[in-house]
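# Observations on chain architecture
Given next are the chains, with one letter for each unit.
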Amino acid sequence: MTRVAVITGASSGIGAAAARALAGDGFRVVLGARRLERLEELAAEVDGEAIALDVTDPDSVGELAARVPRCDVLVNNAGGALGLEPLGEADEAKWGTMYEANVLGTMRMTRALLPRLIESGDGHVVSITSIAGFEAYRGGAGYIAAKHAQRSMLRVLRLELLGEPVRVTEVAPGMVETEFSLVRFGGDEEAARRVYRDMKPLSAADVAECIRWAIAQPSHVNVDEIVVRPRDQAAATEVHRVERPR
Ligand code: NJP
């Protein structure tokens, strides 16, 4: 029986790369995100299924779950950051969206698919958090609060699933060159490019390989967490930059 992996936020970046990696390992991949056209292109490439999904909308999560009769792996990847304002200028709408997508989205997807993950007899929940889940940097309060919350929730899940046939893994990346910064800066391409200037960030495929590897371990091996950063980044704000010819 072909194993099924549901991947949220599969329309770009880490989620799309994870879909390719897991399809390569023989999974049937179910791709969820709001941009359905992109998902359909990727689904055609990896012979998967594209389903429109907004993790901030409980009905949308319910609709996806209703279309997935089997689920062996859930990759909670949908999320991201909005803005870099100091706390004194915090934007409530941005904070709300970040909390909804990263924290409540992960909760909703996990809650909806947990019965199927247990039924599979060998389930796995992999969630993409961030080094922002345990570090702080100026301007990051809303995202950092959300990623700390997401990370805490996963630790509780690990305890609650003890004795069930479901593994729980957290993958916490540092800087990864995806659409993350473009989204954070509201589409400002120059601001997004500056984040990765003169250093070598991780690629989405680098993080996808961590996800794939954790899942590929034997069932009794639970990789609890993976922290993965570029060699050029020792901490959130400690980044080695060298001007390189372009
Ligand atoms: O970013 P990006 P990444 N409902 O922007 C989807 C974490 N992370 O791959 O709905 C459903 O290319 C969105 O799809 P769409 C980060 O916090 C990253 O880097 O079509 N889907 C897109 O597919 C996040 O949790 C870095 O717009 C929703 C995807 O999410 C994860 O890695 C560092 C959604 C975002 O793809 C993947 O981000 C780090 C919703 N409501 C942690 N909202 C980094 N890149 O540096 C968004 O520490 N999506």
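The structure we're discussing is the one just above.
Residues numbered from 1 in each chain as written. Predicted model: local features only at pLDDT ≥ 70, side-chain atom pairs only at ≥ 80, totals over all residues. Heavy atoms only, no water.

Right, let's talk about helix 1 (residues 13-24) for a bit. Here helix 1 spans 17 Å end to end across 12 residues, near enough to the 16 Å set by a 1.5 Å rise per residue. The element helix 1 is largely enclosed, with a buried count of 9 among its 12 residues. By the burial criterion, the buried members of helix 1 are Ile14, Gly15, Ala16, Ala17, Ala18, Ala19, Ala21, Leu22 and Ala23. In the stretch just after helix 1, Gly26 is the one whose phi turns positive, near 100°. (Helix = DSSP H or I, 4+ residues; strand = E, 2+ residues; numbered from the N terminus. Expected span 1.5 Å × (residues − 1). Buried < 20%, exposed > 50% of the residue type's maximum accessible area, 1.4 Å probe, protein only.)

This next bit is on the pairing of strand 7 (residues 225-228). Side chains of strand 7 alternate between two faces, with Ile226 and Val228 buried and Glu225 and Val227 left unburied. Here strand 6 (residues 166-173) pairs with strand 7 via 4 bridges, running parallel. The residue of strand 7 that forms the bridge with Pro173 is Val228. (Pairing = 2+ DSSP bridges.)

Next up on the list: the site of the ligand. Inspection of the region around the ligand gives 32 residues, with Arg34, Ser130, Tyr143, Pro173 and Thr178 positioned closest. Contact distances for the ligand include 2.7 Å between an oxygen atom and a side-chain N or O atom of Arg34. Thr178 is positioned with one of its side-chain polar atoms (N or O) 2.6 Å from an oxygen atom of the ligand. Here the ligand loses 95% of its free accessible area of 900 Å² to cover by the protein chains. Elements supplying a minimum of two residues to the shell around the ligand: helix 1, helix 5 (141-160) and helix 6 (180-184). Considered class by class, the residues forming the shell around the ligand number 14 nonpolar, 13 polar and 5 charged. (Near = heavy atom within 4 Å. Polar contact = N/O pair within 3.5 Å; in protein donor to acceptor, adjacent residues only side chain to side chain. Areas by Shrake-Rupley, 256 points an atom, 1.4 Å probe, with all protein chains shown as cover. Nonpolar A, V, L, I, M, F, W, Y, C, P; charged D, E, K, R; others polar.)

What follows concerns the side chain of Asp72. Relative to the helices and strands, Asp72 resides in the loop between helix 3 (58-66) and strand 4 (73-76). In terms of polar contacts, Asp72 uses its side chain to reach the backbone amide nitrogen of Val4, at 2.8 Å. There is a polar contact of 2.8 Å between the side chain of Asp72 and the side chain of Arg70. Residue contacts for Asp72: discarding those within four places in its chain leaves Arg3, Val4, Leu117, Ser120, Asp122, Gly123 and His124. (Contact = heavy atoms within 4.5 Å.)

Our focus in this paragraph is the nonpolar core. Core analysis: the largest hydrophobic core is formed by 37 residues, its most contacted members being Ile7, Leu22, Val29, Leu31, Val75, Val171 and Ile211. With 8 residues, the top contributor of residues to this core is helix 1. Setting aside residues no more than four positions away along its own chain, Val171 makes contact with Val126, Ser127, Ile128, Thr129, Ser130, Val207, Cys210, Ile211, Ile226 and Val228. Core analysis: the second largest hydrophobic core is formed by 24 residues, Ile51, Val55, Val61 and Val168 among them. (Core = buried A, V, L, I, M, F, W, Y, C linked by side-chain atoms within 4.5 Å.)

Neither face of strand 4 is exposed, since Val73 and Val75 on one face and Leu74 and Asn76 on the opposite face are all buried. Sheet topology places strand 1 (residues 4-8) next to strand 4; 3 bridges connect them, and they run parallel. Residue pairing for strand 4: Ile7 is matched across the bridge by Val75. Across 4 bridges, strand 4 lies against strand 5 (residues 123-128) in parallel orientation. Looking at strand 5, one finds that Val75 is bridged to Val126. Regarding topology, helix 4 (residues 92-119) serves as the crossover connection from strand 4 to the parallel strand 5, and that connection is right-handed. (Right-handed = clockwise from strand over helix to strand, strands pointing away.)

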